[in-house]
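Residues per chain are reported as follows:
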Amino acid sequence: QVQLVASGGGPVQAGDSLRLSCTAPGPVFGSYAIGWFRQAPGRDRDFVAPTRHFVASINWSGEDTYYSDTVKGRFTISRDNTQNTVYLQLTTVKPEDTGNYYCAAAHQFYRSDSHEPYGYWGQGTQVTVAS
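Anyway, here's the lowdown on the structure attached to this text.

The rules behind the values
Residues numbered from 1 in each chain as written. Predicted model: local features only at pLDDT ≥ 70, side-chain atom pairs only at ≥ 80, totals over all residues. Heavy atoms only, no water. Phe/Tyr/Trp six-rings, centres within 6.5 Å; stacked < 30°, edge-to-face > 60°. Helix = DSSP H or I, 4+ residues; strand = E, 2+ residues; numbered from the N terminus. Pairing = 2+ DSSP bridges. Axes fitted to C-alpha atoms, helices over the stretch in contact; angles between N-to-C directions. 1 Å grid on protein atoms, 1.4 Å probe; cavity = no way out; pocket = protein on both sides within 12 Å on 5 of 7 lines; lining within 4 Å. Points joined across faces, edges and corners; volume = space filled by probe spheres on them. Salt bridge = Lys/Arg side-chain N within 4 Å of Asp/Glu carboxyl O. Buried < 20%, exposed > 50% of the residue type's maximum accessible area, 1.4 Å probe, protein only. Polar contact = N/O pair within 3.5 Å; in protein donor to acceptor, adjacent residues only side chain to side chain. Contact = heavy atoms within 4.5 Å. Core = buried A, V, L, I, M, F, W, Y, C linked by side-chain atoms within 4.5 Å.

**A look at the packing of aromatic side chains**
Right, so step 1: According to the stated counting rule, one finds six aromatic pairs in the structure shown.
Right, so step 2: Aromatic pair tyrosine 32 and tyrosine 120: ring centres 5.8 Å apart, planes at 90°, arrangement edge-to-face. With tyrosine 32 in the loop between strand 3 (18-23) and strand 4 (33-39) and tyrosine 120 in strand 10 (residues 118-121), this pair connects stretches of sequence that are 88 residues apart.
Right, so step 3: With 6.3 Å between their ring centres and 65° between their planes, tyrosine 118 and tryptophan 121 make a pair best called edge-to-face.

If you want it as structure tokens, here you go:
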């Protein structure tokens, strides 16, 4: 069981930078791959929960990372297992980066946009980018 806590969100202006953190207590954190997902605000007209869009992921050691095309070159994922923390550095943010950012843990690292491998999810931290 991994209890993830995401933090660091807030209101920013387009072009600004922001760093999100994902932490979890316990020695097992360092054995999990961690992914970040963004959930856009609101719901669709059928009241289905909005999709959580893949942002970036990192393997247990930090040596392998994977990014969505929309953030590649602007966002950087990293981790410090001595601090039980994974970071997501956002730079040159855009209004379309707005959303609730969730971190999630998976037993294996995949170069994939799918949320299915992730069995543990944090509560999310809101990022709002004004134009």
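Having put the structure on the table, let's press on.
**Details of the sheet that holds strand 8 (residues 85-90)**
Across a sheet, paired strands are connected by hydrogen bonds in the backbone, their directions being either parallel or antiparallel.
Right, so step 1: Strand order in the open sheet formed by four strands is 1-3-8-7, and the pairing between neighbours is antiparallel. One side of each edge strand has no neighbouring strand; the edge strands of this open sheet are strand 1 (5-7) and strand 7 (75-80). Taking each pair of neighbouring strands and ignoring which way they run, the sheet shows an average axis angle of 15°.

**Some words on the layout of surface pockets**
Unfilled space is identified by rolling a water-sized probe across the atoms.
Right, so step 1: Size it by volume and the largest pocket reaches roughly 150 Å³.
Right, so step 2: With three residues, the single largest contributor to the lining of the largest pocket is strand 5 (residues 52-58).

**Quick look at the pattern of salt bridges**
Opposite charge on two side chains allows them to pair when their charged atoms are near.
Right, so step 1: Within the structure shown, the criterion is met by three salt bridges.
Right, so step 2: Between arginine 111 and aspartate 64 there is a salt bridge, and its shortest N-O distance comes to 2.6 Å. With a gap of 47 residues between them, arginine 111 in the loop between strand 9 (99-106) and strand 10 and aspartate 64 in the loop between strand 5 and strand 6 (65-67) connect regions that are remote in the sequence.
Right, so step 3: Judged by its relative accessible area of 52%, arginine 111 is exposed.
Right, so step 4: Among the ionic pairs, lysine 72 bridges to aspartate 69, the shortest N-O distance being 3.2 Å.
Right, so step 5: Classification of aspartate 69 as exposed rests on a relative accessible area of 66%.

**A few points about the side chain of threonine 125**
Right, so step 1: Among the structural elements, threonine 125 can be located in strand 11 (residues 125-130).
Right, so step 2: Within the local environment of threonine 125, its side chain forms a polar contact with the backbone nitrogen of glycine 9, the two atoms lying 2.9 Å apart.
Right, so step 3: Once you skip the residues sitting within four places of it in the chain, threonine 125 turns out to touch Ala6, Ser7, Gly8, Gly9, Leu20, Gly99, Asn100 and Tyr101.

**Considerations on the nonpolar core**
Right, so step 1: Counting residues in hydrophobic clusters, the biggest one holds 29 residues, and the most contacted among them are Leu4, Ile34, Trp36, Leu88, Leu90 and Tyr101.
Right, so step 2: At the level of elements, strand 3, strand 4, strand 5, strand 7, strand 8, strand 9 and strand 11 are the ones that each hand at least two residues to this core.
Right, so step 3: Among all residues touching tyrosine 101, those that are not within four sequence positions of it are Ala6, Leu20, Trp36, Phe37, Arg38, Val55, Phe75, Leu88, Leu90, Gly124, Thr125 and Val127.
Right, so step 4: If you look at the next biggest cluster of nonpolar residues, it comprises five residues, including Phe54, Ala104, Ala106 and Tyr118.

**Focus on the side chain of glutamine 39**
Right, so step 1: Of note, glutamine 39 is situated in strand 4.
Right, so step 2: What makes glutamine 39 buried here is its relative accessible area of 15%.
Right, so step 3: At 2.8 Å, the side chain of glutamine 39 and the side chain of arginine 52 are in polar contact.

**Digging into unusual backbone geometry**
Right, so step 1: You will see that asparagine 84, though not glycine, has its phi angle at about 50°, which is positive.
Right, so step 2: Examined against the element boundaries, asparagine 84 turns out to sit in the loop between strand 7 and strand 8.
Right, so step 3: Here threonine 92, not a glycine, exhibits a phi torsion of approximately 45°, which is positive.
Right, so step 4: With respect to the element layout, threonine 92 can be found in the loop between strand 8 and strand 9.
Right, so step 5: Judged by relative accessible area, which is 45%, threonine 92 ranks as partly exposed.

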